[in-house]
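# Geometric and topological summary
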Amino acid sequence: MDDNRYLADLLFDSDIKDFEYYEERYQSRGLKEGVKVTRLAPSPTGYLHLGVLYSALINRMAAGKDGVFYLRIEDTDKKREVEGGLEDIVNGLISFGIVPDEGYLPDGERGEYGPYRQRLRRDIYHSAAKRLVLAGLAYPCFCTEEELEVTRKEQEAKKVRPGYYGEYARCRSLTTGEIKKKLDDGAPYVLRLKSPGSEENKVTFTDAIKGKIEMPENDTDIVLLKSDGIPTYHFAHAVDDHLMRTTHVIRGDEWISSVPVHLQLFRLLGFKPPKYAHIAPIMKSEGGSKRKLSKRRDPEAAVKYFSEQGFEPRAVLEYLLTIASSGFEDWRRANKDADIFDFDLRLNKMSQSGALFDMDKLLDVSKNYISRMSTEAVLSSLLCWAQKYNASLYDRLSSDKAYAAAIFSIDRDIPKPRKDIAKWNEAAEFISYFYDDTFAPQYELPENISSAAAVEILERYAEEPCLGGDKTQWFDGVKRLCVSLGYAENTKEYKAEPDKYKGHIGDVSAVIRTAVTGRRNSPDLFEIMRILGKDRTASRLKAAAEYFKK
RNA sequence: GGCCCGGUGGUCAAGCGGCUAAGACACCGCCCUUUCACGGCGGUAACACGGGUUCGAUUCCCGUCCGGGUCACCA
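Below you will find a few notes about this structure. As the structure is a prediction and not an experimental result, all values here were calculated from the model. (Residues numbered from 1 in each chain as written. Chains lettered and ligands numbered in written order. Predicted model: local features only at pLDDT ≥ 70, side-chain atom pairs only at ≥ 80, totals over all residues. Heavy atoms only, no water.)

### Concerning the sheet that holds strand S3 (residues 102-105)
This is how it is decided: In short, DSSP must find at least two bridges between two strands for them to pair. Elements are defined by DSSP. Helices are runs of H or I of four residues or more, strands are runs of E of two residues or more, and each kind is numbered from the N terminus. Axis definition: a line fit to C-alpha positions, over the contact stretch in the case of helices; interaxial angles, taken between N-to-C directions, run 0 to 180 degrees.
If you walk across this open sheet you meet the 4 strands as S1-S2-S3-S4, and the pairing is mixed. Whereas interior strands pair on both sides, the edge strands pair on one side only; in this sheet they are strand S1 (37-40) and strand S4 (108-110). In this sheet, adjacent strand axes meet at a mean angle of 20° when their direction is disregarded. Here S3 pairs with S4 via 3 bridges, running antiparallel. In the strand pairing of S4, Tyr 104 is matched with Glu 109.

In structure tokens, the structure reads:
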């Protein structure tokens, strides 16, 4: 007993507080029964990628509006840290509308349970570590990397489980005197857990997503504090999630195999463990098999990719939710205008195995999402995107917003709107023919229409474009033109007696369409010409007629 | 290799012992229609395999196979 005290004094600074101090300081949150406290704990070892966004979304949704969702930064690995990664992650989340209630935020920390960056919590970890040493549950280990490597090779050769446990945990049996001597020599060391567990025993726990899971108890003397005094993930997880009063740890399922370690840590530290929920990762198909979406290998894993392409953040979130929870699509159909954060995400309804990332589905969700936006919303969102990623489009649009609004209001704000655009980088091409400087006609005629016939149609139509009235009046005008030129004024008549006509109204429209828009397909012709105005319509008709004369 | 988790159409995914095995995306066809898009209708396409248990298994149990994860002073 005295030995432990002695060892603790040897190992820790004298000003390290008793852990009771922190228990006292970070009181229970006093939330109502059933209210969840969740968190996202990214490490700034890269930029914001889809997996983190996914996890953030689920944690945010799980906490709901009554619960607390906070952001903690796991910056304990200096070596792998990426410059600017932290900002990218935090700002990225917020730009996607996933806003933490507390924790590390762009304008500083918010909340009573901080600091929320692990670097700043060193004393807290040391206090918890000291508690373990005092209880005889942790010890310093002086093994070098090389020595560890040697025992690992030995274990491999003997075909036994690799790891620092049992007889292989050499420093476990060091006497206080030996430790003192090494410490005096300035030997570097890590602090290890003296695991009281045995592989023979089983631990069981209920995962909120995967259900009941049974695994062998942890018997490995895992590292608690690295040689620089910074905690490992496992140790920091136990200390932080206890002190920050997390109720539900929702994280990627790559963590599932370390749950026995975590449970043991909570027990030894005297903490009540949180509920665990392990979510399946988003996968990517490659060469017939699938693997986890990788931030290094897959460009579409970076959230920045979606921003650059001009996906609507909410649409991406909706897509993610269709992957996450089977009930979401039905809910969406029943609640077309509801905010996604009103969806009641049930952990036990979540998918157990990883879903392949499906770009087709994302595109579909996005198209639907954008089709339901108002003209104003489309314009402001598109402008916002263009400002960053397409300067010329931005200039064009903002130089005459009323004109741009007219374009985007075609078949919008109606019960069954058009679904033309899935992401903003498709917009420039989609509206190109509305602007003279981007109008690049690819004239194309129906097969049964000769150039001469096209010229005739265009010239005759130009005499009387019928743009003064409404759409019906215009279309009646086109019908009259058909009749006078020998085309059927509707397809049925033509089909009944094809020999009687040169073609039908579809052909006539096609000729006008190609002249006005320079392409085969477009939204409603009348709307387009009305927006272009009489003069520009006329000059396009003329230009096309000239083209076909050649 | 040990330990975990998973396996319903190309993809996502309902389904909890008895159903002609939902739905969405993609694909194909038809209808609507001045084109496209929308919309409507229809179609192709699935319970990995082998044993049990049971009157009856996609559903429960075991095994095989396949896929994924994990075995660091990384998270």
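### Comments concerning the pairing of strand S5 (residues 138-141)
To keep it simple, the criterion reads: Only protein chains enter the accessibility calculation, which uses a 1.4 Å probe. A residue is then buried if its area is under 20% of the maximum for its type, exposed if over 50%, and partly exposed in between.
Neither face of S5 is exposed, since Ala 138 and Pro 140 on one face and Tyr 139 and Cys 141 on the opposite face are all buried. Inspection of the sheet shows S5 paired to strand S6 (residues 190-193) by 4 bridges, in the antiparallel sense. Each bridged residue has a counterpart across the sheet, and for Cys 141 the counterpart in S6 is Val 190.

### What to know about the protein's contact with RNA strand B
Put simply, the rule is: Definition of nearness: a residue and a molecule or strand are near each other if at least one heavy atom of the residue lies within 4 Å of the molecule or strand. In protein, a polar contact requires one atom able to donate a hydrogen and another able to accept it; more generally it is a pair of N or O atoms within 3.5 Å, and residues adjacent in sequence count only if both atoms are side-chain atoms.
Surrounding RNA strand B, one finds 58 residues, the nearest of these being Asp 77, Lys 226, Lys 361, Arg 418 and Ser 522. Atoms of RNA strand B within 4 Å of the protein: sugar and phosphate make up 70%, bases the balance. Lys 226 places a polar side-chain atom, nitrogen or oxygen, 2.5 Å from a phosphate oxygen of RNA strand B. A distance of 3.4 Å separates a sugar or linking oxygen of RNA strand B from a polar atom in the side chain of Ser 353.

### Considerations on the sheet that holds S6
In space, the 3 strands of this open sheet follow the order S5-S6-S9, with antiparallel pairing throughout. With one partner strand each, in any of the chains shown, S5 and strand S9 (223-225) form the two edges of the open sheet. Pairwise comparison of adjacent strand axes, ignoring direction, gives a mean angle of 45° for this sheet.

### Comments concerning the pattern of salt bridges
Put simply, the rule reads: We define a salt bridge as a side-chain nitrogen of Lys or Arg found within 4 Å of a carboxyl oxygen belonging to Asp or Glu.
Counted according to the given criterion, the structure contains 47 salt bridges. Between Lys 292 and Glu 254 there is a salt bridge, with the nearest N and O atoms lying 3.8 Å from each other. You can see Lys 292 sitting in strand S13 (residues 289-292) and its partner Glu 254 sitting in the loop between strand S10 (248-252) and helix H9 (259-269), a full 38 residues away along the chain. The partner of Asp 436 in a salt bridge is Arg 540, and the shortest N-O contact between them spans 2.8 Å.

### Describing helix H16 (residues 401-408)
Residue pairs three or four apart in sequence face the same way in an α-helix, which turns once every 3.6 residues. Test applied: Working note: the arc is built from the helix axis to C-beta atom directions. Any two residues whose heavy atoms approach within 4.5 Å are treated as being in contact.
Buried residues of H16: Tyr 403, Ala 404, Ile 407 and Phe 408, and no others. Burial along H16 is one-sided: seen end-on, the buried residues are contained in an arc of 130°. If you follow the buried residues of H16, they end up packed against helix H14 (375-389), helix H15 (391-399), helix H22 (525-532) and helix H23 (534-549).

### Some details on the packing of H14 against H15
The description of two helices packed together rests on the angle between their axes and the distance between the axes. The condition that has to hold: In these notes the angle categories are as follows: under 35 degrees is roughly parallel, over 145 is roughly antiparallel, 65 to 115 is roughly perpendicular, and the rest is oblique. Residues were grouped as follows: Ala, Val, Leu, Ile, Met, Phe, Trp, Tyr, Cys and Pro as nonpolar; Asp, Glu, Lys and Arg as charged; and all remaining residues, including Gly, as polar.
Axis separation between H14 and H15 bottoms out at 6 Å; the angle between their running directions is 140°. When the interaxial angle is binned, H14 and H15 end up oblique. Two secondary-structure elements touch here, H14 through Leu 382, Leu 383, Trp 385, Ala 386, Gln 387 and Tyr 389 and H15 through Ala 391, Leu 393, Tyr 394, Leu 397 and Ser 398. Counted by class, the contact of H14 with H15 contains 9 nonpolar, 2 polar and no charged residues.

### Quick notes on the packing of aromatic side chains
How we decide: Only Phe, Tyr and Trp rings take part, Trp by its six-membered ring, and two of them pair if their centres are within 6.5 Å. Stacked means planes under 30 degrees apart, edge-to-face means over 60, and tilted covers everything else. Lysine and arginine charges are scored as sitting over a ring when NZ or CZ, respectively, is within 6 Å of the ring centre and within 35 degrees of the ring normal.
Enumeration over the complete set of coordinates arrives at 25 aromatic pairs. Considering the side-chain rings of Tyr 319 and Phe 357, the 5.6 Å spacing of their centres and the 90° angle between planes classify their relative orientation as edge-to-face. Of the two residues, Tyr 319 is situated in helix H11 (residues 313-324) and Phe 357 in the loop between strand S14 (355-356) and helix H13 (359-371); the sequence distance between them amounts to 38 residues. Here Tyr 319 matches Phe 357 in class, with each residue buried. Here Tyr 443 and Tyr 547 contribute two aromatic rings whose centre-to-centre distance is 4.8 Å and whose plane-to-plane angle is 45°, an arrangement assigned as tilted. Linking Tyr 443 in the loop between helix H17 (427-430) and helix H18 (451-463) with Tyr 547 in helix H23, this pair joins segments that are 104 residues apart in sequence. Following the ring pairs from residue to residue traces out a cluster consisting of Phe 19, Tyr 21, Tyr 22, Phe 266 and Phe 271. Taking NZ or CZ as reference, Lys 17 lies 4.9 Å from the ring centre of Tyr 21, over its face. Taking the ring centre of Tyr 165 as reference, the NZ or CZ of Arg 161 above it sits at 4.1 Å.

### Quick notes on the nonpolar core
The following threshold applies: Within this scheme, the nonpolar core is defined by two criteria: the residues are buried Ala, Val, Leu, Ile, Met, Phe, Trp, Tyr or Cys, and they are joined through side-chain atoms within 4.5 Å.
Counting residues in hydrophobic clusters, the biggest one holds 100 residues, and the most contacted among them are Leu 53, Phe 235 and Leu 320. Ranked by residues supplied to this core, first place goes to helix H3 (residues 50-63) with 10 residues. Dropping the residues within four chain positions of it, Phe 235 is found in contact with Tyr 125, Ala 128, Ala 129, Leu 132, Leu 224, Leu 225, Leu 265 and Leu 269. One finds Tyr 435, Ala 454, Ile 457 and Ala 545 within the second-largest nonpolar core, a separate group that totals 57 residues.

### Observations regarding the packing of H18 against H23
What counts, and what does not: The hand of a helix crossing depends on one turn: near helix anticlockwise from the far one by less than a right angle means left-handed, and clockwise means right-handed.
It is at 9 Å that the axes of H18 and H23 come closest, and there the two elements cross at 160°. Taken together, the axes of H18 and H23 are roughly antiparallel relative to one another. In this structure, H18 meets H23 at a crossing whose hand is left-handed. The segment H18 lies against H23, with Ser 451, Ala 454, Val 455, Leu 458, Glu 459, Tyr 461 and Ala 462 engaging Leu 541, Ala 544, Ala 545, Phe 548 and Lys 549.

### Some remarks on the side chain of Thr 246
Topologically, Thr 246 is positioned in the loop between helix H8 (233-243) and S10. Thr 246 sits in the buried class, given a relative accessible area of 8%. Within the local environment of Thr 246, its side chain forms a polar contact with the side chain of Tyr 70, the two groups lying 2.6 Å apart. Polar side-chain contacts of Thr 246 include one of 2.7 Å to the side chain of Asp 241. Excluding residues that lie within four positions of it along the chain, Thr 246 makes contacts with Val 37, Thr 38, Arg 39, Tyr 70, Asp 241 and Pro 274.

### Let's talk about unusual backbone geometry
The omega torsion of the bond from Gly 114 to Pro 115 falls at 0°, within 30 degrees of zero and hence cis. One non-glycine residue, Lys 159, lies in positive phi territory at about 55°. When you line up the elements, Lys 159 lands in the loop between helix H6 (145-157) and helix H7 (176-184). Even without being glycine, Asp 411 reaches a positive phi, approximately 50°.

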